[in-house]
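Each chain is listed here by its residues.
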Amino acid sequence: MPTLQKYLTVMHFWHPAAMGSYITVHVLFFQGAHGRFVPWGEGKTQREARIQTLEPDNWLREVRQFGHGTRKRVQQSELDILEEMLVMGLRMNEGLAHQCWRQYSPLLGLEEALGDSPEVQRYLQEELLILDDRGLRCSWKGLAFLDSLLPSLLHQLQHSYRNSASHCF
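Since the model is a prediction, treat every value here as computed from it, not as a measurement. (Residues numbered from 1 in each chain as written. Predicted model: local features only at pLDDT ≥ 70, side-chain atom pairs only at ≥ 80, totals over all residues. Heavy atoms only, no water.)

S.K.: Sorry, what's going on with the overall build of the protein here?
M.R.: Across its full length, the protein carries seven helices and eight strands. Relative to its 169 residues, the protein shows a buried fraction of 41%. Long-range contacts, defined here as pairs at least 24 residues apart, represent 45% of the contacts in the protein between residues at least 6 apart. Carbon together with sulfur atoms contributes 56% to the accessible area of the protein, which is approximately 10,100 Å² in total. (Helix = DSSP H or I, 4+ residues; strand = E, 2+ residues; numbered from the N terminus. Buried < 20%, exposed > 50% of the residue type's maximum accessible area, 1.4 Å probe, protein only. Contact = heavy atoms within 4.5 Å. Areas by Shrake-Rupley, 256 points an atom, 1.4 Å probe, with all protein chains shown as cover.)

S.K.: What am I meant to see in the pattern of salt bridges here?
M.R.: It is possible for side chains bearing opposite charge to pair when their charged atoms get close. For the coordinates displayed, the defined rule picks out 12 salt bridges. Two residues, Arg73 and Glu48, come together in a salt bridge whose shortest N-O distance is 3.0 Å. Of the two residues, Arg73 sits in strand β5 (residues 70–75) while Glu48 sits in strand β4 (residues 48–52), which places them 25 residues apart along the sequence. Judged by its relative accessible area of 40%, Arg73 falls in the partly exposed class. Residue Arg122 pairs with Glu126 through a salt bridge whose shortest N-O separation is 3.4 Å. Judged by relative accessible area, which is 36%, Glu126 ranks as partly exposed. Put simply, Glu42, Lys44, Glu48, Arg50 and Arg73 are held in one network by salt bridges that share partners. (Salt bridge = Lys/Arg side-chain N within 4 Å of Asp/Glu carboxyl O.)

S.K.: How should I be thinking about unusual backbone geometry in this particular structure?
M.R.: Both trends apply: most residues other than glycine have a negative phi, and most peptide bonds are in trans. With a phi close to 60°, Glu127 is a non-glycine residue in the positive phi region. Summarising the element assignment, Glu127 is placed in the loop between α5 (118–125) and β7 (129–131). We classify Glu127 as exposed; its relative accessible area is 58%.

S.K.: I'm lost on helix α1 (residues 56–66) in this one. Help?
M.R.: Each α-helix winds once per 3.6 residues, and so residues spaced three or four apart point in a common direction. Burial in α1 covers these residues: Pro56, Trp59, Leu60 and Glu62. For α1, the angular spread of the buried residues around the axis is 160°, confining them to a single face. The outward face of α1, more than 90 degrees from its buried face, is lined by the exposed residues Arg64 and Gln65. Where α1 is buried, its residues meet β4 and β5. Directly after α1, the chain includes Gly67, whose backbone phi takes a positive value near 90°. (Arc of directions from axis to C-beta.)

Set out below in structure tokens:
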């Protein structure tokens, strides 16, 4: 029997405006390689990151044997979600809109989360990043350097998040 792989088509359902949930679907058997969603049907309220068995034959065998092909389930904290939003949003031309950010971080806006950092200020002055009334995005020049900018951006987000969380109590 030929492998199932050649019959599967991959589609990604994700857009920065819909940061809440996304899933990768392999059409035919609806096998997803990874996804982020709240499993409401299981009575859960916290978003999870899930990884599925990648190989179609193994996935199908696990579904038959265990009822699913999920290899890993991890509950995501608010900070996990914000970090993913930042990384994924900056890779998109549209960037990360303030409105989208506020859905997950109502108390800590993009400016408060990132704007105080001298490194981020330097990125803005060098026109690698653009932070304006639309939100945060990379310039064309900044997109070429994004992988080297992300560690300091994530560090600043973590620092700001922890400081804002400590003031809430």
